[in-house]
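# Descriptive structure summary
This is what each chain is made of:
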Amino acid sequence: DVKVTQSSRYLVKRTGEKVFLECVQDMDHENMFWYRQDPGLGLRLIYFSYDVKMKEKGDIPEGYSVSREKKERFSLILESASTNQTSMYLCASSGDYNEQFFGPGTRLTVL
Amino acid sequence: SQQGEEDPQALSIQEGENATMNCSYKTSINNLQWYRQNSGRGLVHLILIRSNEREKHSGRLRVTLDTSKKSSSLLITASRAADTASYFCGEGGSRLTFGEGTQLTVNP
């Protein structure tokens, strides 16, 4: 079975801190995605990557950056966390058939 | 960008009843996928239907696709309390766009 893991289930950070959210998949998938999920707004795509060292902006990239140095790992970076970035962050990966496999999510609170 | 929209936003039924959720989208699609999310967890893929398919079954799930109306429906038959979850449609190819989901509650 495909497994997508995220570094933390819950995270509390202070405004202005630099935050790293890590995602690792074990199925050699080319594509990886970062979403945030908020009540009433559904899932919104932040960034995605089709290959190592490649990244594409999603619908809401402002305030975020990403890194994909290895195929299995896709990191989401909040350079200077703000309270409006408090959210559930979901990572996903997909291969040739476009079915996305999601991690368990990281609930980030920025105080 | 493309946008899948689920309808209704919330649905409450009794165990054993069928549940139908609908999804509408705005542009042409390669395929449409349905996902399930248990409270506070990641999404789990349920079923994918391609643009040249009209109906697909998987266990108690039945998905239809009407490309002329740009809509899809997910039917869960003989629902169980364990089906309580949020259901999302995702449209697109390698990059999906999701709606806000339908919150299904199945009462024992």
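The structure contained in this document is the topic of the report that follows. Because the structure is predicted, anything quoted here is derived from the model rather than measured.

### So, the overall build of chain A
Counting secondary structure elements, chain A contains zero helices and eleven strands. When the helices and strands of chain A are read in sequence order from the N terminus, they spell out β-β-β-β-β-β-β-β-β-β-β. For 111 residues, the compact-globule estimate of 2.2 N^0.38 gives 13 Å, and the C-alpha radius of gyration of chain A, at 13 Å, lies within 12% of that figure. The C-alpha extent of chain A, read off along each of the three principal axes, is 40 × 25 × 25 Å. Within chain A, the proportion of its 111 residues that are buried is 50%. Considering only contacts within chain A whose residues lie at least 6 apart along the sequence, 54% involve residues at least 24 apart. When the accessible surface of chain A is totalled, it reaches about 5,400 Å², and 49% of it is carbon and sulfur.

### With respect to the state of the cysteines
What the rule picks out here adds up to two disulfides over all chains. In this model Cys 23 of chain A forms its disulfide with Cys 91 of chain A; the gap between the sulfur atoms is 1.8 Å. Handedness of the Cys 23 of chain A-Cys 91 of chain A disulfide follows from its S-S torsion of about -75°: it is left-handed. Residue Cys 23 of chain A is found in strand 3 (residues 19-25), and its partner Cys 91 of chain A is found in strand 9 (residues 87-94); the two are separated by 68 residues along the sequence. There is no split in this pair, since Cys 23 of chain A and Cys 91 of chain A are both buried. Here Cys 23 of chain B connects covalently by a disulfide to Cys 89 of chain B, the sulfurs 2.0 Å from one another. Here the S-S torsion is close to 70°, and the disulfide linking Cys 23 of chain B with Cys 89 of chain B is therefore right-handed. Pair noted here: Cys 23 of chain B is in strand 3 (residues 19-24) and Cys 89 of chain B is in strand 9 (residues 85-92), with a separation of 66 residues, a long-range link.

### Side note on the sheet that holds strand 3 of chain A
Residues and elements named next belong to chain A. Strand order in the open sheet formed by four strands is 1-3-8-7, and the pairing between neighbours is antiparallel. Both outer strands of the open sheet, strand 1 (4-6) and strand 7 (65-70), are each paired with one neighbouring strand and no more. On average, each strand axis in the sheet is tilted by 20° relative to the strand beside it, whichever way the strands run. In terms of strand pairing, strand 7 meets strand 8 (residues 73-78) through four bridges, oriented antiparallel. For Lys 70, the partnering residue across the bridge sits in strand 8 and is Arg 73.

### Quick word on the interface of chain A and chain B
How big an interface is tends to be stated in terms of the accessible area lost upon association of its parts. Taken together, the 26 residues of chain A in the interface contact 20 residues of chain B. Taking both sides of the interface into account, the surface hidden between chain A and chain B amounts to around 1,700 Å²; carbon and sulfur atoms contribute 47%. Across the chain A-chain B interface, the total number found is one salt bridge. Residues Asp 59 of chain A and Arg 95 of chain B are paired through a salt bridge, measuring 2.8 Å at the closest nitrogen-oxygen approach. Our count for the contact surface shared by chain A and chain B stands at five residue pairs in polar contact (both at pLDDT 80 or more). Broken down by secondary-structure element, the contributors of at least two residues to the side of chain A that touches chain B are strand 4 (31-38), strand 5 (42-49), strand 9 and strand 10 (100-102) of chain A. Residue composition of the side of chain A that touches chain B, by class: twelve nonpolar, nine polar and five charged.

Rules and cut-offs
- Residues numbered from 1 in each chain as written.
- Chains lettered and ligands numbered in written order.
- Predicted model: local features only at pLDDT ≥ 70, side-chain atom pairs only at ≥ 80, totals over all residues.
- Heavy atoms only, no water.
- Helix = DSSP H or I, 4+ residues; strand = E, 2+ residues; numbered from the N terminus.
- Rg over C-alpha atoms; globule rule 2.2 N^0.38 Å.
- Buried < 20%, exposed > 50% of the residue type's maximum accessible area, 1.4 Å probe, protein only.
- Contact = heavy atoms within 4.5 Å.
- Areas by Shrake-Rupley, 256 points an atom, 1.4 Å probe, with all protein chains shown as cover.
- Disulfide = S-S within 2.5 Å.
- Pairing = 2+ DSSP bridges.
- Axes fitted to C-alpha atoms, helices over the stretch in contact; angles between N-to-C directions.
- Buried area = accessible area lost by both parts, 1.4 Å probe.
- Salt bridge = Lys/Arg side-chain N within 4 Å of Asp/Glu carboxyl O.
- Polar contact = N/O pair within 3.5 Å; in protein donor to acceptor, adjacent residues only side chain to side chain.
- Nonpolar A, V, L, I, M, F, W, Y, C, P; charged D, E, K, R; others polar.

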